[in-house]
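Tertiary structure, described
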Amino acid sequence: MAALNRTTLRRLQNLPQIPSVWEGDRRPLSNADSHMMLDDDDVLEAGGECILWVDGSEGVVRAMDMVGPDAGPEALVRALLRAMEHPQSPAPAVRPQKIVVKNREIQFYLRGVLQDLGISIDYVPELPLIDEIFRGMEEVAINRPPELPPQYAEVLMEKAAQIWQDAPWRTLSEHQIISIEINQWDVASLYVSVLGQGRMDYGVLLYRSLESLKRFRERVVNDESFEDLEQAFLGQDCLFVTFESAAELDEDDDEEIDLADLPPSEIEPNFGNLHPLEGLRSILYEEEALTMLVALEAFHRFFRNGRRKLGSDTFPTLSSRYRIPVPQPDGEIQQVSVKVSTMPDVSDELLEMLGDDDDDDDDDDDEFDKPLLRDDLVPQNSFLSLGAVPWETVDFLRESVQFHQAAEIDINTAGDGLPVVMIQTSHPKAKTMIQDLKEAGGVKGIGFNPGENPFQDEQYDLGILQTKNGELYLFGEFNEDDPVHQEARKKWDRRCKLTNGWCGLIIAKGLMGASRGQPQFKDMIALLEVRWVSAKDLGIGPLQLMPMF
């Protein structure tokens with residue numbers, strides 16, 4: 001049996017002990033329950049189990065973890081220590097007077113591990129508070145509506161498969177708009193924009209209004225910040241079907257895989273709805289499903305019949321009418337009449353937006369004189385690390401650091417903490433780095449970009465800081481074959497997904513002192529809350545080391 005080290009024991013013994021009774025348990029969950037709690041595919045595939053530590057006196061959850069079924073009893077202790085020192089609910093760090101469990105083996109194990117902490121460990125046949133929490137999660141999972149109405153799910157999947165086989169993105173650009181006049185289910189017309197000619201994201205967007213479509217395209221062209229683009233995305237009013245790989249892709253290779261190269265059996269459609277007041281919803285209700293069904297079939301017929309004309313140099317004026325059969329709950333078939341037409345004028349207008357933006361870029365010829373990636377921000381010999389800072393620590397740093405760049409919105413406090421890049425250097429150099437960032441307007445984003453040294457046949461993961469004045473700075477070169485970095489990157493990407501794309505940069509002093517590599521709170525002098533940006537968003541492509549002559 002593993003034992004707590006003396007340092008940890010002393011730290012826990014210094015916590016105030018309160019007269020409260022905590023309940024603890026671990027239980028298997030269905031996939032539906034697990035997805036509600038944590039988006040961790042590795043755990044879910046293994047059959048997730050949930051660890052809960054609850055303060056029965058206060059009625060609050062102090063720690064919750066999802067683990068695989070093979071995780072040992074140590075996982076229960078790890079969650080308990082976090083419940084004492086860093087509770088996920090707004091509660092102080094304390095020791096309970098008593099712990100109750102409903103498993104004899106867990107009771108004996110905890111008695112052995114916690115024997116020096118003055119905590120009574122008792123067995124009880126029932127855990128009423130934890131039972132109530134699990135019952136609540138099961139009820140929510142049972143009552144959660146399906147992503148597609150069951151009566152239309154199969155036919156919608158068939159229509160999506162037709163679209164994938166048609167591959168309209170090989171012919172149509174995003175700005176080439178097609179209207180579908182339906183006049184059913186409170187929908188007059190839908191306006192189709194096809195994604196995929198850039199060989200990145202594949203799908204079909206069905207806008208409910210031309211105004212929404214034009215407004216989004218205009219904001220994409222004109223807005224520069226990631227936050228503005230995110231708001232523009234959520235402000236769309238459309239139904240959509242997008243495509244992704246049905247198999248789990250390796251996170252490190254995700255950017256390099258083109259879905260078009262995969263067989264149709266490995267492609268999975270995802271349906272959803274976007275609305276300014278609802279945001280993104282991955283569930284279609286009955287009338288939305290019927291609208292999607294009719295629109296996809298009409299678009300499929302129109303594209304199949306006009307593929308050759310649509311592929312001409314100029315976007316042609318075409319129009320056709322179809323009668324689309326729609327299955328009814330009583331088994332009858334309703335015929336819905338639709339009109340499908342190209343919209344050359346709208347397409348020219350959208351293309352002109354893109355053209356104006358390209359002209360603006362051409363005016364900036366002096367940009368070519370600037371280095372693509374600078375390396376004069378982070379001091380040499382700095383200590384770098386990727387990790388996470390608990391949310392309680394983030395709150396503390398926001399109030400205590402000398403320089404704080406706050407996020408524009410409240411960050412989703414999911415997962416074990418804020419993913420951060422830690423840069424530790426000497427105090428004078430740390431102050432210089434902070435001043436340089438202030439003069440650059442702050443940090444806009446943190447990302448990683450592929451790089452290579454062709455002379456030594458080495459591949460690198462380049463850590464990049466993007467400042468708000470548009471500069472890109474190298475903060476670290478990580479060998480892609482390093483298993484430690486590979487694991488750190490996977491955790492980093494997973495944590496950034498949980499925070500909806502937010503991460504942090506911490507600048508610390510004390511490089512030559514006792515806290516080298518493990519800076520204490522007093523050493524952390526800057527916290528910048530920034531956006532995570534993908535290599536695609538950075539837009540610089542793979543970088544190659546070139547010889548200097």
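See the structure printed just above.
Residues numbered from 1 in each chain as written. Predicted model: local features only at pLDDT ≥ 70, side-chain atom pairs only at ≥ 80, totals over all residues. Heavy atoms only, no water.

**Re the overall build of the protein**
Let me state the cut-off plainly: Helical segments are the DSSP runs of H or I of at least four residues, strand segments are the runs of E of at least two, and each set is numbered from the N terminus. Burial classes follow relative accessibility: with a 1.4 Å probe on protein chains only, a residue under 20% of its type's maximum area counts as buried, one over 50% as exposed, and anything between as partly exposed. Throughout, a residue-residue contact means that at least one pair of heavy atoms, one from each residue, lies within 4.5 Å. Here, Shrake-Rupley sampling with a 1.4 Å probe gives the accessible areas, and only protein chains in the shown set may cover a residue.
The helix and strand inventory of the protein stands at 15 helices and 22 strands. Sorting the 549 residues of the protein into buried and exposed places 46% on the buried side. Restricting to contacts in the protein with at least 6 residues of sequence separation, those with at least 24 account for 68%. On the protein, roughly 28,500 Å² of surface is accessible, and the fraction owed to carbon and sulfur atoms is 48%.

**Thoughts on the sheet that holds strand β2 (residues 49–55)**
Here is the rule we go by: At least two bridges found by DSSP between two strands are what make those strands a pair. Helix axes are fitted only over the stretch in contact, all axes being lines through C-alpha atoms; the angle between N-to-C directions runs from 0 to 180 degrees.
Strand order in this open sheet of 5 strands is β3-β2-β1-β4-β5, and the pairing throughout is mixed. Strands with a single pairing partner mark the edges of an open sheet, and in this sheet they are β3 (60–67) and β5 (120–123). Strand-to-strand twist in this sheet, taken as the mean axis angle between neighbours without regard to direction, amounts to 20 degrees. Inspection of the sheet shows strand β1 (residues 17–28) paired to strand β4 (residues 95–101) by 5 bridges, in the parallel sense.

**As for the packing of aromatic side chains**
Counted only if it meets this: Any two of the Phe, Tyr and Trp rings considered here, Trp counted by its six-membered ring, make a pair once their centres fall within 6.5 Å; the pair's planes then place it as stacked at under 30 degrees, edge-to-face at over 60, or tilted in between. Think of it as a cone above the ring: NZ of Lys or CZ of Arg counts as a charge over the ring if it is within 6 Å of the ring centre and within 35 degrees of the ring normal.
Under the defined criterion, the tally for this structure stands at 11 aromatic pairs. Summarising the aromatic geometry, the rings of W164 and F243 are spaced 5.1 Å apart at their centres and angled 50 degrees between planes, so their arrangement reads as tilted. Of the two residues, W164 is situated in helix α7 (residues 150–166) and F243 in strand β9 (residues 238–245); the sequence distance between them amounts to 79 residues. When its relative accessible area of 7% is taken as the criterion, F243 is described as buried. Cluster of aromatic residues (ring-pair linked, three or more members): W164, W169, Y202 and F243. A cation over an aromatic ring shows up here: R104 above the ring of Y123, its NZ or CZ 3.7 Å from the ring centre.

**Let's talk about unusual backbone geometry**
Not every positive phi belongs to a glycine, and D186 is a case in point at roughly 65 degrees. Within the element layout of this structure, D186 appears in the loop between β6 (178–184) and β7 (187–195). The class of D186 is exposed, set by a relative accessible area of 80%. Non-glycine residue N500 carries a positive phi angle of around 60 degrees. Within the fold, N500 resides in the loop between α14 (483–498) and β20 (502–508).

**Observations regarding the nonpolar core**
The line we're drawing: Within this scheme, the nonpolar core is defined by two criteria: the residues are buried Ala, Val, Leu, Ile, Met, Phe, Trp, Tyr or Cys, and they are joined through side-chain atoms within 4.5 Å.
Counting residues in hydrophobic clusters, the biggest one holds 49 residues, and the most contacted among them are I180, F243, F271, F299 and V338. Among the elements that line this core, the one with the most residues is helix α10 (residues 286–310), at 12 residues. Apart from residues lying up to four places away in sequence, F299 is in contact with I163, P168, L172, I178, I180, V192, V194 and V204.

**Comments concerning the pattern of salt bridges**
Under the convention used in this document: A side-chain nitrogen of Lys or Arg and a carboxyl oxygen of Asp or Glu constitute a salt bridge if their distance falls within 4 Å.
For the structure shown, the criterion picks out 26 salt bridges. Among the ionic pairs, R208 bridges to E288, the shortest N-O distance being 4.0 Å. Here R208 is found in the loop between β8 (202–207) and α8 (210–222), whereas its partner E288 is found in helix α10, with 80 residues between them in sequence. Residue classification places R208 among the partly exposed residues on the basis of a relative accessible area of 27%. The closest approach of N and O atoms between E288 and R281, which form a salt bridge, is 2.9 Å.

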